Amino acid sequence: MSKAWLIARREFVSNITKGSFLFAAFGVPLVVIALLFLVFFVIAQSEDDTERIGAVGYVDQSGVFSDAVDVPEDFVAYESAETARAALDESEIGAYFVVPENYLALGNIDTVSRTSLPEALRDQFDAFLISNLGRDLQPEQIERLIEPINNTVLTLDNGRRLQSDALLGLLFTPFIFVFVFLLGSQTTSSYLMSGIVEEKSSRVMEILVTTVTPFQLLFGKIIGLGALGLVQLLAWIGAGAIVLSLGQGIPALQGVTIPLDLIVIGLLYFLLGYFLLASIFAGVGAVSSSEQESRQLAGIFSLGFSVPFFFITQFLTDPDGPLVTFLSLFPFTSPVTIMMRMGFGAIPPEQLILSIVILLVTTLIVVWASARIFRWALLLYGKRPSFGQIIGALRRSPVMATTPNESAGR
Amino acid sequence: MATAIQVDHISKSYGSFQAVRDLTFEVYSGEIFAMLGPNGAGKSTTIRMILDILKPDSGIIRVLGGKIDESIKNRIGYLPEERGLYRSVPVVDVMTYLGTLKGLSSNEARKRSLAYLDKLELGEFAKKKVSDLSKGMQQKVQFAVTVLHDPELIIIDEPFSGLDPVNTLIVEGLIKEFRAKGGAVVMSTHQMYQVEYLADRLVMINRGQQALYGQVDEVRNRYALPAVIVEGEGNWAALPGIERVETETDGRGTLLFLKANTQADDILEMIAKRDDFHVRRFELAVPRLNDIFIQVVEQGRLGA
């Protein structure tokens, strides 16, 4: 086992000092998160920005605004839709609302503008309408009509309490977690794979197999690179904790914590998911004749891990539906699915346990199969063995082979 | 002398193809043992079985006194036919890593690597990437990796390929040094002349079977013709005891085939006494290993 440890240490040390790893582990996610925040702030900004519209006209044909009270600044009354239109065409105003004669009966308002209207302007007009419709009420009552629930507190079924402003943070936390998880397990697994392909093509493998057993080699590589992925993940959790403690003043982050259960369950799924992916990649690397070929093969499996992203709306609309349940149990999709669901709400404990058991059993089987293929294929050069030959090697007790037919039956 | 490798009636088949058939030989400590044979004869398969990469279908292999395990693997050095070094890693780091895998401490492996690089006149390349080295330099580094951990047995496959005459001499020196310290060397090669002057004993494998086995000199003498080679002047055919005369294949000497009951000594004695003969060279017609090799392979082909 000490040789496995030496191999693990080399894989860890030689990769953690690589610029390409540091960039993939920290640079890429930083850029992605920065972009996400940038987009979010630009949108939020434009929704709050009523000034870009300038003055706003309104045409009252229903009488709601006769002797109007609480007229917001920049709101200008027009006699008819035609004069308002002319003012819009002259760019005196940026938009106008028409309150038709039958408004009280139907509730329709026509809005005319050159650009899309910010959410804040609509809120302003709503408040203006409510103030005038309810002008017989007390000011406090008007206040409550405009904002009936202040400071929404959502109590999730897993007991987490969140203010409505922090909903964004609620969605972000698992999303970033999943993102880092995928990135971490995939970069390290692909290092594992390309390392094996390189050792085979440079024939270092010839030396390695006369020095260590294939299991020591496989085990050492998986442990060493797994530690690398773990460091990456922990660094992100740490960075997240720092951002949250510094950013308590930002409404979107208020009340958001990285919950302990998400970390614990997340780490468990990370480890199991990583072992699953890494051992598949190791097997693929061992049977591939070139790095390009191995990437193509491995791409199919890594795609499977990110499938849950395509169904993200289902997680919100139908978290207990059959699709989400299936994704939570299927071993290739469960790590990402469970982590995303943990952010949204509680997962029935029996489902969580079943999911972990299925993933654990699958991982054990795949590690076993991969180790057999790995040992069998280490000294195969040139042509990639056929699927039938690989299955043959799995079924018989395999030893190292130098031609694909060995111990695969004929 | 201690037995380093004991190969006892091993056989190995790949499906219906029998790669090695009932092969038996021994390698002793303190000797260079050559493993010869045409391509595809079963040399690589045999080496891989000795190294425990492949398992024989039948037969027993004992290496350094036992069945091979991890501690025995640490006492073996292997130089594969196709060189294996990490390409984009500094030379000294590759050597150190492979040395630690053989049981050296990291410090010790690094110290020895640097010492070997100096010895091989590669000291200035220690921090260079392997891929920046010439083929010959890589070959020397590979050899250093093979002996870095002071093994008791090294198995070297075509150790001189890609080396110029000067570097060939350096590596030869290292191999002899290793033998002088009591190490066992198994050398697989097609360079017959190197076997003739480097190797102590040999096994030749043809079609998976043992074709020749024994001391190099003894094997060559076994194939010796009843003839002597002379270079000089004189009417050779007129000498008593000479059956017939042929020009030697390289054209420089003359082959004198002796009659039965005539010894080479008798001929030499006779020539020395006569004034009408002048001799610059006189030797037994021991065939070159190369000729024996070809002869054995041809016979195998006819016999099959």
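What counts and how
- Residues numbered from 1 in each chain as written.
- Chains lettered and ligands numbered in written order.
- Predicted model: local features only at pLDDT ≥ 70, side-chain atom pairs only at ≥ 80, totals over all residues.
- Heavy atoms only, no water.
- Helix = DSSP H or I, 4+ residues; strand = E, 2+ residues; numbered from the N terminus.
- Buried < 20%, exposed > 50% of the residue type's maximum accessible area, 1.4 Å probe, protein only.
- Contact = heavy atoms within 4.5 Å.
- Areas by Shrake-Rupley, 256 points an atom, 1.4 Å probe, with all protein chains shown as cover.
- Pairing = 2+ DSSP bridges.
- Axes fitted to C-alpha atoms, helices over the stretch in contact; angles between N-to-C directions.
- Buried area = accessible area lost by both parts, 1.4 Å probe.
- Salt bridge = Lys/Arg side-chain N within 4 Å of Asp/Glu carboxyl O.
- Polar contact = N/O pair within 3.5 Å; in protein donor to acceptor, adjacent residues only side chain to side chain.
- Nonpolar A, V, L, I, M, F, W, Y, C, P; charged D, E, K, R; others polar.
- Phe/Tyr/Trp six-rings, centres within 6.5 Å; stacked < 30°, edge-to-face > 60°.
- Lys NZ or Arg CZ within 6 Å of the ring centre and 35° of its normal.

K.L.:
Where do I start with the overall build of chain A in this structure?
P.N.:
Secondary structure summary: chain A contains 16 helices and six strands in total. Counting only residues that meet the buried cut, chain A has 47% of its 410 residues in that class. Contacts in chain A between residues far apart in sequence, at least 24 positions, make up 69% of those at least 6 positions apart. Here chain A has roughly 19700 Å² of accessible surface; of this, 64% comes from carbon and sulfur atoms.

K.L.:
I keep staring at the sheet that holds strand 3 (residues 32-36) of chain B and nothing clicks. Help me out?
P.N.:
In a beta sheet, neighbouring strands pair by backbone hydrogen bonds and run either parallel or antiparallel. All names here are of chain B. Reading across the sheet, the six strands line up as 5-6-7-3-8-9 and stay open at both edges, with mixed pairing between neighbours. Each edge of the sheet is formed by a strand with only one pairing partner; in this case those strands are strand 5 (76-79) and strand 9 (209-215). Here the average twist between neighbouring strands, direction ignored, is 15°. The pairing of strand 3 with strand 7 (residues 184-188) spans four bridges and is parallel. Along strand 7, the bridge assignment pairs F33 with V186.

K.L.:
Looking at this structure, how should I read the interface of chain A and chain B?
P.N.:
It is common to give the size of an interface as the accessible area that goes away when the parts come together. Each side of the interface is counted separately: chain A has 25 residues, and chain B has 27 residues. Here chain A and chain B share an interface that buries about 2500 Å² over both sides, 59% of which is from carbon and sulfur atoms. Contact with chain B buries area across many residues of chain A, yet R10, I207 and T210 of chain A alone supply 24% of it, more than any other trio. As a salt-bridge pair, R203 of chain A and E82 of chain B come within 3.3 Å of each other at their nearest N and O atoms. Joining chain A to chain B, the criterion identifies seven residue pairs in polar contact (both at pLDDT 80 or more). Those elements that place two or more of their residues in the side of chain A that touches chain B are helix 1 (2-16), helix 7 (167-201) and helix 8 (204-209) of chain A. Partitioning the side of chain A that touches chain B into residue classes produces ten nonpolar, six polar and nine charged.

K.L.:
Can you help me understand the side chain of S370 of chain A in this one?
P.N.:
Checked against the element boundaries, S370 of chain A lands in helix 15 (residues 349-377). Discounting chain neighbours no more than four positions away, the residues touching S370 of chain A are S279, I280, A282 and G283 of chain A.

K.L.:
Explain the packing of aromatic side chains to me, please; I cannot follow it from the model alone.
P.N.:
The description of an aromatic ring pair rests on the distance of the ring centres and on the angle between the ring planes. All names here are of chain A. Scanning all chains against the criterion turns up 20 aromatic pairs over all chains. Aromatic side chains F330 and F332 sit 5.9 Å apart centroid to centroid with 45° between the ring planes, which places their arrangement in the tilted category. Accessibility expressed as a relative area gives 35% for F330, which makes it partly exposed. By relative accessible area, F332 is classed as buried at 18%. Aromatic ring contacts, followed pair by pair, group Y58, F65, F75, F97, F125 and F128 into a single cluster. Above the face of the Y191 ring, K18 is positioned so that its terminal group lies 4.8 Å from the ring centre.

K.L.:
For this particular structure, what's the right way to read unusual backbone geometry?
P.N.:
Leaving glycine out, the prevailing phi sign among residues is negative, and the prevailing peptide bond configuration is trans. Residues and elements named next belong to chain B. Unusually for a residue other than glycine, D52 sits at a positive phi of about 70°. Position of D52 relative to the elements: it lies in the loop between helix 1 (43-50) and strand 4 (58-63). Look at D52 and you get partly exposed, because its relative accessible area is 21%. Even without being glycine, L64 reaches a positive phi, approximately 50°.

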